[in-house]
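Residue-level structure breakdown
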Amino acid sequence: MASSIQGNLTSLLQMQAQRVGNKPAIYEPQIKGQGVMTHGHISFQDLEQRSAQLAAELSRQGLTRGDRMLVMVPMSIDLYIILIALFRIGGVAVFIDPWVGRKRLSQFAHQVQPFGMFGIPKAQVMRWIPGLLPRLKLNVVVGSKLLAPLSKSLDQIRKSGTQQADILAVAPEDPALITFTTGSTGTPKGVVRTHGFLVAQHEVLTQHLGLMAEDIDLPLLPVFVLNNLANGISSVLPAMDTREVSKSDPAQLLQQIQSLKVTTTVGSPVIYERLAAYCEKSGDQLGQLRTLHTGGAPVSRELILELQGLMPAGEAHIVYGSTEAEPISSIAAHELDQEDTSTSLGECVGYPDPATQVLIIKASPEPLTTLEPLAQGEVGEIVVTGDHVNKDYYENPEAVRKTKIKLDQGEIWHRTGDVGRLGPEGRLYLLGRVDQVIELDGKQIYPLEVEPLINTIEGVQRSAFFQSVDGKIYLACTCTVDVTPALVAEIRSRLRGISETDVDVLQVKEIPMDPRHNSKIDYLKLEQDLTELTLKRFDLS
């Protein structure tokens with residue numbers, strides 16, 4: 001397909017800079033002595049100018065279309081100057097999750113053979129570990145000048161000249177971002193976001209999130225800032241370390257919402273869980289919020305309704321999606337409140353987005369080349385397609401073969417790895433992951449058919465339903481109260497509504513969660529650490 005300037009996401013950002021000029025594009029929190037928080041900001045016009053200057057200097061340093069740069073920089077104004085500069089000249093930003101170990105980080109880096117790296121000092125130090133990273137032609141330190149004798153600082157390289165680079169014409173299939181997933185084995189799976197993908201995702205997200213020009217958004221995930229910039233909407237970067245979301249300070253987030261008059265926010269549920277708990281104790285409300293969207297991990301009915309109760313003038317939503325396809329579906333709190341909970345169809349995640357085609361197919365470990373949709377109500381793997389659905393992984397044909405269904409007419413469907421069903425009204429229900437199936441009484445049961453029923457019991461904080469490698473079936477629970485006979489009886493009653501097979505019910509100290517969102521249960525680690533985590537075994541006889 002022909003290249004065009006309009007195909008480059010940067011052209012949308014340039015258009016907004018020309019339209020809104022000095023309007024704040026990004027607010028960045030600055031924590032001073034005794035925890036006092038203020039905010040610096042950059043305008044759309046200045047963001048355009050600084051990124052264009054950086055792009056020109058990167059070109060002078062030899063970076064050309066298709067060259068890859070490792071980006072190990074937290075959410076900040078500097079991060080978006082870097083990203084827009086790279087996009088502007090056809091460069092590719094490569095993100096690696098900060099919690100991966102050195103071995104995987106090295107594997108990722110060697111696979112992409114980057115031209116160079118943008119990194120905070122801690123990331124730059126890794127270059128001194130022999131063999132960890134491939135040889136880099138350009139190293140740019142972000143946020144400090146301490147390593148300036150050994151690497152260029154971002155300010156130095158940006159201010160090297162006043163020239164501004166023109167926007168390079170790109171094809172829709174040209175890569176812009178590569179994000180590596182956190183798998184522990186096999187060839188690294190780098191999700192490729194092309195310019196065409198980012199533009200399509202921007203258009204879908206704008207409609208799906210119901211954004212308005214006057215909104216001020218608090219995006220808790222980095223990619224949503226790009227969408228805001230393309231819409232001329234101000235973004236407030238969260239006062240938290242996005243690498244450790246479970247340690248976010250809800251008081252600071254609430255201060256940002258109130259002081260900067262935030263109207264919309266999107267992020268992972270663990271952050272809003274902490275925010276809701278804080279508001280319940282403090283008596284505060286989220287009265288300014290018009291919309292709140294949360295997803296990326298299972299979101300409980302109780303949490304979304306609690307958040308809705310804090311938003312008298314707004315609406316809370318659950319969003320279902322993944323790195324490869326965002327969004328897939330969503331449901332508003334008031335719609336979820338009307339759901340029949342007497343039977344468990346699974347975790348309701350609402351109606352598929354109009355831009356996303358969703359089908360349920362028979363779950364299979366084998367690669368597929370055809371689609372055979374199941375009937376409404378039947379349980380199987382969720383597959384999706386659309387312009388905003390990822391089509392490829394970086395130099396990993398095996399991952400493409402296993403997770404993509406390429407039809408003869410050229411259409412590509414993504415296998416989410418999630419199991420679910422479409423209900424009678426067309427709503428989508430999640431049941432778990434394909435590899436989390438539990439054989440019980442001759443039936444296949446998934447965690448999200450059980451856990452939501454247990455989690456609504458008063459005194460149960462969280463539950464995990466899983467089958468160990470030796471075939472034993474467990475229900476692990478964390479509790480907020482002392483275990484009483486009444487609590488045990490209620491657990492027994494709800495389990496018997498699912499199966500007559502014995503389930504080993506345990507009270508545990510904690511249930512391990514994923515490092516990225518801290519919202520998905522890490523069943524493998526739970527099984528590995530079960531003996532150490534167990535406090536007591538419930539007698540359900």
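Structure first, text after, so check above.
Everything in this summary refers to the structure shown in the same document. (Residues numbered from 1 in each chain as written. Predicted model: local features only at pLDDT ≥ 70, side-chain atom pairs only at ≥ 80, totals over all residues. Heavy atoms only, no water.)

**Looking at the sheet that holds strand β5 (residues 116-119)**
- Sheet architecture is open: seven strands sit in the order β7-β6-β5-β3-β4-β8-β9, paired in mixed fashion. Looking at which strands have only one partner, the edges of the open sheet turn out to be β7 (152-153) and β9 (190-194).
- In the sheet, strand β8 (residues 175-180) pairs with β9 via five bridges, with the strands oriented antiparallel. Bridging across to β9, Phe180 finds its partner in Gly190.
- Where helix α7 (residues 195-209) meets the sheet, its contacts fall on β8 and β9, and the angle it forms with β9 comes to roughly 75°. (Pairing = 2+ DSSP bridges. Helix = DSSP H or I, 4+ residues; strand = E, 2+ residues; numbered from the N terminus. Contact = heavy atoms within 4.5 Å. Axes fitted to C-alpha atoms, helices over the stretch in contact; angles between N-to-C directions.)

**Concerning the layout of surface pockets**
- Of the voids in this model, the second largest pocket is the one considered here, and its volume is about 420 Å³.
- Arg421, Gln444, Ile445, Tyr446 and Glu449 are, among the 20 residues lining the second largest pocket, the residues nearest its centre.
- If you list the elements that add at least two residues to the lining of the second largest pocket, you get β20 (412-422), β23 (443-445) and α14 (447-455).
- When residues of the lining of the second largest pocket are assigned to their parent elements, the largest contribution, three residues, is made by β23.
- Looking at the lining of the second largest pocket, its residues break down into ten nonpolar, six polar and four charged. (1 Å grid on protein atoms, 1.4 Å probe; cavity = no way out; pocket = protein on both sides within 12 Å on 5 of 7 lines; lining within 4 Å. Points joined across faces, edges and corners; volume = space filled by probe spheres on them. Nonpolar A, V, L, I, M, F, W, Y, C, P; charged D, E, K, R; others polar.)

**As for unusual backbone geometry**
- Cis rather than trans, the peptide bond between Glu326 and Pro327 has omega equal to 0°.
- As for its position among the elements, Pro327 is in the loop between β14 (315-320) and β15 (329-332).
- Here Gln113, not a glycine, exhibits a phi torsion of approximately 45°, which is positive.
- Turning to its location among the elements, Gln113 is positioned in the loop between α4 (102-112) and β5.
- Positive phi, close to 55°, is recorded for Lys261, a residue that is not glycine.
- Looking at the secondary structure, you find Lys261 in the loop between α9 (250-259) and β12 (264-267).

**Some words on the pairing of strand β6 (residues 138-141)**
- Alternating positions in β6 separate into two faces, Leu138 and Val140 on one and Asn139 and Val141 on the other, with burial throughout.
- Note that β5 and β6 share four bridges and pair parallel. In the strand pairing of β6, Met117 is matched with Asn139.
- Inspection of the sheet shows β6 paired to β7 by two bridges, in the parallel sense. Each residue of the ladder has a partner; that of Val141, found in β7, is Ser153. (Buried < 20%, exposed > 50% of the residue type's maximum accessible area, 1.4 Å probe, protein only.)

**Observations concerning the packing of helix α1 (residues 9-20) against helix α8 (residues 223-231)**
- Direction vectors running N to C along α1 and α8 enclose 50°, while the axes themselves pass 7 Å from each other. Classified by the interaxial angle, the pair formed by α1 and α8 is oblique. Within the contact between the two elements, α1 uses Leu12, Leu13, Gln16 and Arg19 and α8 uses Leu226, Leu229, Ala230 and Asn231. (Parallel < 35°, antiparallel > 145°, perpendicular 65-115°, else oblique.)

**Considering α8**
- The buried count for α8 comes to eight of nine residues, which makes it a mostly enclosed element.
- Within α8 the residues assigned to the buried category are Phe224, Val225, Leu226, Asn227, Asn228, Leu229, Ala230 and Asn231.

**Quick word on the pattern of salt bridges**
- One pass over the structure, following the stated rule, counts 15 salt bridges.
- Put simply, Arg427 and Glu339 hold a salt bridge, and the shortest N to O gap is 2.5 Å. Of this pair, Arg427 sits in the loop between β20 and β21 (428-433) while Glu339 sits in the loop between α12 (333-337) and β16 (347-352), placing them 88 residues apart in sequence. One exposure class covers both Arg427 and Glu339, and it is buried.
- Linking Lys402 and Glu398 is a salt bridge whose minimum nitrogen-to-oxygen distance equals 3.8 Å. Highlighted residues: Lys402 and Glu398, both in helix α13 (residues 397-403), separated by four residues, approximately one helical turn.
- Using a relative accessible area of 34% as the deciding quantity, one classes Glu398 as partly exposed.
- In the salt-bridge network here, residues are joined through shared partners; they are Glu398, Arg401 and Lys402. (Salt bridge = Lys/Arg side-chain N within 4 Å of Asp/Glu carboxyl O.)

**Notes on the pairing of β16**
- Sheet topology places β15 next to β16; two bridges connect them, and they run antiparallel. Looking at β16, one finds that Ser330 is bridged to Tyr351.
- Note: β16 against β21, three bridges, orientation antiparallel. Across the sheet, residue Cys348 finds its bridge partner in β21, namely Tyr429.

**So, the environment of His388**
- Examined against the element boundaries, His388 turns out to sit in the loop between β18 (380-385) and α13.
- The exposure class assigned to His388 is buried, which follows from its relative accessible area of 1%.
- A sequence separation of 187 residues divides His388 from Gln201, and the C-alpha atoms of the two residues are 4.8 Å apart.
- Within polar-contact distance, the side chain of His388 engages the side chain of Thr356 at 3.1 Å. (Polar contact = N/O pair within 3.5 Å; in protein donor to acceptor, adjacent residues only side chain to side chain.)

**Considerations on the packing of α1 against helix α3 (residues 77-88)**
- Across the interface, α1 lies against α3 with an axial gap of 8 Å and an inter-helix angle of 120°. Considering their axes alone, α1 and α3 lie oblique with respect to each other. Where α1 crosses over α3, the two elements pack in a sense that is left-handed. Touching Leu9, Thr10, Leu13 and Gln14 of α1 are Ile84, Phe87 and Arg88, all from α3.
- For the contact of α1 with α3, the class distribution of residues is four nonpolar, two polar and one charged. (Left-handed = near helix turned anticlockwise from the far one by under 90°.)

**So, the sheet that holds strand β27 (residues 534-537)**
- What the four strands build is an open sheet, ordered β24-β25-β26-β27; its pairing is mixed. Where the open sheet ends on each side, the last strands, each with one partner, are β24 (460-467) and β27. When strand polarity is set aside, the average angle formed by the axes of neighbouring strands in this sheet is 30°.
- Pairing of β24 with strand β25 (residues 473-479), which is carried by seven bridges, proceeds in the antiparallel orientation. When the sheet's bridge partners are listed, Phe465 is paired in β25 with Leu475.
- Here α14 sits on the sheet and contacts β24 and β25; the angle it forms with β24, its principal contact strand, is near 155°.

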